[in-house]
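The primary structure of each chain is shown beneath.
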Amino acid sequence: MDFGNLKMYINGELTSSRNTMTKDIISPLNDEKIATLAWGSSNDSIRALESAKEGFKVWSNTPINKRKEWMLLIREKILENEEILRKSISYEMGKPYSATAEDIESITNSLKYYSDIIEDYQSDKEIIDNENTHKHYLISKPIGVVVAYLAWNFPLLNAGFKLGPALASGCSIILKPSELSPLSLYIIGQILDEIDFPKGVVNIICGEPNQVATTLSKSTIPNLITMIGSTETAKKVISDSSTSIKKYSMELGGNAPFIVFDDADIDLAADIGAAIKFGNCGQICVAANRFYIHQNIFDSFLNKLISKAKNLKIGYNKELDYDIGPLITNKSKDRVLGLIKNTVESGGCLEYGGKTPENLDKGNWIYPTIISGVNDKMKIFHEEIFGPVATLIPFKSDDDVLLSANNTKYGLASYIFTNDKSRINRFIDELDFGEIHVNGIKYDIYLPHGGIKESGVGHDCSELALEDYLIKKRITITKQ
């Protein structure tokens, strides 16, 4: 499928790069070109920054009700263009068409949710004066220009997590999609152009990181830098952005433990484990990486997980109807295959998968993979796999598994399956992760999403996200 030539969206108009650079977008499904995009330069980044600076002056003074109208109009137009957006996501990053519904739901839910809650959330908050000599209250104001770096794995979901709270709070925003999956966001730029969205409030630009991201980060114009991406990328962004004092909101890498005790519902755990591990070809920040399975049920769980992996339909067709897509790049495929090889050479047992399907010579396909016998001396134990590889580790005691699960620099998501209430309470208290899911999983726009340790600062989703986009002013008035 060819989506044609698309432009960036800067200062309220679709635009080519000042240096006329373009970039062919290649699908990981079949290595074929699917679009040609205007590719930003450092000069284009400066244009976007100046545009956002002026856009903030307009948008921050736009009444909340008018902001809400614009947000709901964007939502309406996204839904009208749902099919083309979903197909663009399928082709640019390889996920099955059915799986792209989550991206559309997330960005539209975000626009609706934050337009609904902003007025109450941003209202003045009184502080009681103990001596009754003064009147105090807090007012909330938009922080300013926001730069948002987006990960490639959920192009519009990630955009929605940033766009909703930014627009609701009165901020202008520069959305920089990943250079691996920018197509769907460029189509959002077309939608904004069609509805004559206010100039400078939203800017969409993509290009090579050393041209675009470095320029954006080093500028003194942004007041908030928010991102979804790797921990190493975040460290570079923070280093580059030290030209001025900025606020950060970052959802970064993960190495989630998935702990199943012998009193758990094993079928439920296997169902959820397969979904959170093999969905999106394992390219999910909250994907289960280390499967801790109690020794009494280890063989049973392993067999169930293998059965589920074998039943996944892998392979591209024109209907985009399959269960597991490819990895995003050939480099990613080589990295994951290298991790598998290293693990087996270090003593791990390859139970299933571990190779590329013989009938798929184009694209970045890899079988869902299961490895047992993994331990903390292996490289794969400590890395964010970001691929469809489940590593299984047997355990005997609560103390042992808790100690091992926390043995990671990451602290995003974690999962436990047990019916023992005292154990649940202990693990809730002692697991060092920003999210702990017990006997199931739930994500939604109204639920806080964030990590601790090297997995980030701040939050996406929920009212907590608005804290990153607002500043607080304390007002104190002496009583007469």
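This report concerns the structure included in the present document. Residue numbers here run from 1 along each chain, matching the order of that chain's written sequence. Where local features are concerned, this predicted model is filtered to residues with pLDDT of at least 70; where side-chain atom pairs are given and counted, the filter is 80 or more; whole-chain, interface and lining totals use all residues. Only hydrogens and water are removed before side-chain values are computed, so all heavy atoms of the structure are retained for them.

## Focus: the nonpolar core
Logical step 1: Counting 155 residues, the largest nonpolar core has Leu167, Phe197, Val202, Phe258, Ile259, Phe301 and Leu392 as the members making the most contacts within it.
Logical step 2: Whether two residues are in contact is decided by their heavy atoms: any pair within 4.5 Å suffices. Setting aside residues no more than four positions away along its own chain, Leu392 makes contact with Phe291, Ile293, Phe298, Phe301, Leu302, Leu305, Ile370, Ile371, Ser372, Gly373 and Val374. Here, nonpolar core refers to any group of buried Ala, Val, Leu, Ile, Met, Phe, Trp, Tyr and Cys residues whose side-chain atoms link them within 4.5 Å. Exposure classes here rest on a 1.4 Å probe applied to the protein chains alone. A residue is buried below 20% of its type maximum, exposed above 50%, and partly exposed in between.

## Side note on helix 14 (residues 421-430)
Logical step 1: Numbering of helices and strands runs from the N terminus; a helix is a DSSP stretch of H or I covering at least four residues, while a strand is a stretch of E covering at least two. Regarding helix 14, the residues found buried are Arg423, Ile424 and Phe427. Mapping the buried residues of helix 14 onto a view down its axis gives an arc of 100°, with all of them on the same face. Turned more than 90 degrees away from the buried face of helix 14 sit Lys421, Ser422, Asn425 and Asp429, all of them exposed. Directions drawn from the helix axis to the C-beta atoms are what define this arc.

## Digging into the sheet that holds strand 1 (residues 5-6)
Logical step 1: The criterion for strand pairing is that DSSP finds at least two bridges linking the strands in question. The sheet built from 3 strands is open, its strands ordered 1-5-4 with mixed pairing. The sheet terminates laterally at strand 1 and strand 4 (22-26), the two strands that pair on one side only.
Logical step 2: Two elements, strand 4 and strand 5 (residues 33-38), share 5 bridges in a ladder whose sense is antiparallel. By the bridge assignment, Asp24 is partnered in strand 5 with Thr36.
Logical step 3: Docked against the sheet, helix 6 (residues 183-194) engages strand 1 and strand 5, running at close to 55° with respect to strand 5. For helices, the fitted line uses only the C-alpha atoms of the stretch in contact; every axis is such a line through C-alpha atoms, and the angle between N-to-C directions lies from 0 to 180 degrees.

## Looking at the environment of Thr356
Logical step 1: Tracing the backbone through its elements, the reader meets Thr356 in the loop between strand 15 (349-352) and strand 16 (369-372).
Logical step 2: Here the alpha-carbon distance between Thr356 and Glu345, two residues 11 residues apart in the chain, equals 18 Å.
Logical step 3: Apart from residues no more than four positions distant in its own chain, Thr356 is found in contact with Lys333, Leu337, Trp365, Ile366 and Tyr367.
Logical step 4: Pairing of N or O atoms within 3.5 Å defines a polar contact, subject to two protein rules: one partner must be a possible hydrogen donor and the other a possible acceptor, and residues neighboring in sequence count only if both atoms are side-chain atoms. In terms of polar contacts, Thr356 uses its side chain to reach the backbone carbonyl oxygen of Trp365, at 3.3 Å.

## Considerations on the packing of aromatic side chains
Logical step 1: Aromatic pairing here means that ring centres of Phe, Tyr or Trp (its six-membered ring) are within 6.5 Å. Orientation follows from the plane angle: under 30 degrees is stacked, over 60 is edge-to-face, and everything else is tilted. This structure, assessed with the given rule, holds 12 aromatic pairs.
Logical step 2: Relative to Phe386, the ring of Trp152 has its centre 5.6 Å away and its plane inclined at 90°; by these criteria the two rings are edge-to-face. Note that Trp152 is positioned in the loop between strand 8 (145-149) and helix 5 (155-169) and Phe386 in the loop between helix 12 (379-382) and strand 17 (389-395), a separation of 234 residues in sequence.
Logical step 3: For the pair Phe261 and Phe395, a centre-to-centre distance of 5.3 Å together with 85° between the ring planes defines the contact as edge-to-face. With Phe261 in the loop between strand 13 (256-260) and helix 9 (266-278) and Phe395 in strand 17, this pair connects stretches of sequence that are 134 residues apart. We note that Phe261, like Phe395, is buried.
Logical step 4: One aromatic cluster in this structure is built from Phe258, Phe291, Phe301, Tyr415 and Phe417.

## Some thoughts on empty space enclosed by the protein
Logical step 1: As defined here, a cavity is a set of points on a 1 Å grid over the protein atoms alone where a 1.4 Å probe fits but cannot get out. A pocket is an open set with protein on both sides within 12 Å along at least five of seven lines, and residues line them when an atom is within 4 Å of a point. Grid points are joined across faces, edges and corners, and a volume is the space filled by probe spheres set on the points. Inspection of the entire model under this criterion finds 1 cavity of 30 Å³ or more.
Logical step 2: Of the voids in this model, the largest cavity is the one considered here, and its volume is about 30 Å³.
Logical step 3: Surrounding the largest cavity, Ser249, Met250, Glu251, His449, Gly450, Val457, Gly458, His459 and Asp460 form its lining.
Logical step 4: Here the element with the most residues in the lining of the largest cavity is strand 12 (residues 247-251); it accounts for 3 residues.
Logical step 5: Here the lining of the largest cavity is composed, by residue class, of 2 nonpolar, 5 polar and 2 charged. Only Asp, Glu, Lys and Arg are considered charged in this grouping, and only Ala, Val, Leu, Ile, Met, Phe, Trp, Tyr, Cys and Pro are considered nonpolar; every other residue, Gly among them, is considered polar.

## Considering the packing of helix 3 (residues 82-93) against helix 6
Logical step 1: Packing of helix 3 against helix 6 leaves a shortest axis separation of 8 Å and a crossing angle of 155°. The orientation of helix 3 with respect to helix 6, classified from their angle, is roughly antiparallel. Between helix 3 and helix 6, the residues in contact are Ile84, Leu85, Ser88, Ile89 and Glu92 and Leu183, Ser184, Ile187, Ile188 and Ile191, respectively.
Logical step 2: Of the residues belonging to the contact of helix 3 with helix 6, the class tally is 7 nonpolar, 2 polar and 1 charged. Just so you know how the angles are binned, under 35 degrees is roughly parallel, over 145 roughly antiparallel, 65 to 115 roughly perpendicular, and the rest oblique.

## What about the side chain of Ser184?
Logical step 1: Inspection of the secondary structure assignment puts Ser184 in helix 6.
Logical step 2: A relative accessible area of 0% places Ser184 in the buried class.
Logical step 3: Excluding anything up to four places from it in sequence, Ser184 contacts Leu85, Ser88, Ile89, Glu92, Pro155 and Leu156.

## As for the sheet that holds strand 13
Strand pairing within a sheet occurs via backbone hydrogen bonds; the two strands may be parallel or antiparallel.
Logical step 1: The strand order across the open sheet built from 7 strands is 15-16-17-14-13-18-19, with neighbouring strands paired in mixed fashion. In this open sheet, the two strands that pair with only one neighbour each are strand 15 and strand 19 (435-438). Sheet twist, expressed as the average angle between the axes of neighbouring strands with direction ignored, equals 25°.
Logical step 2: Sheet analysis places strand 18 (residues 413-417) next to strand 19, joined by 4 bridges and oriented parallel.

## Some remarks on unusual backbone geometry
Logical step 1: Positive phi, close to 60°, is recorded for Thr20, a residue that is not glycine.
Logical step 2: Position of Thr20 relative to the elements: it lies in the loop between strand 3 (13-15) and strand 4.
Logical step 3: A relative accessible area of 64% means that Thr20 is categorised as exposed.

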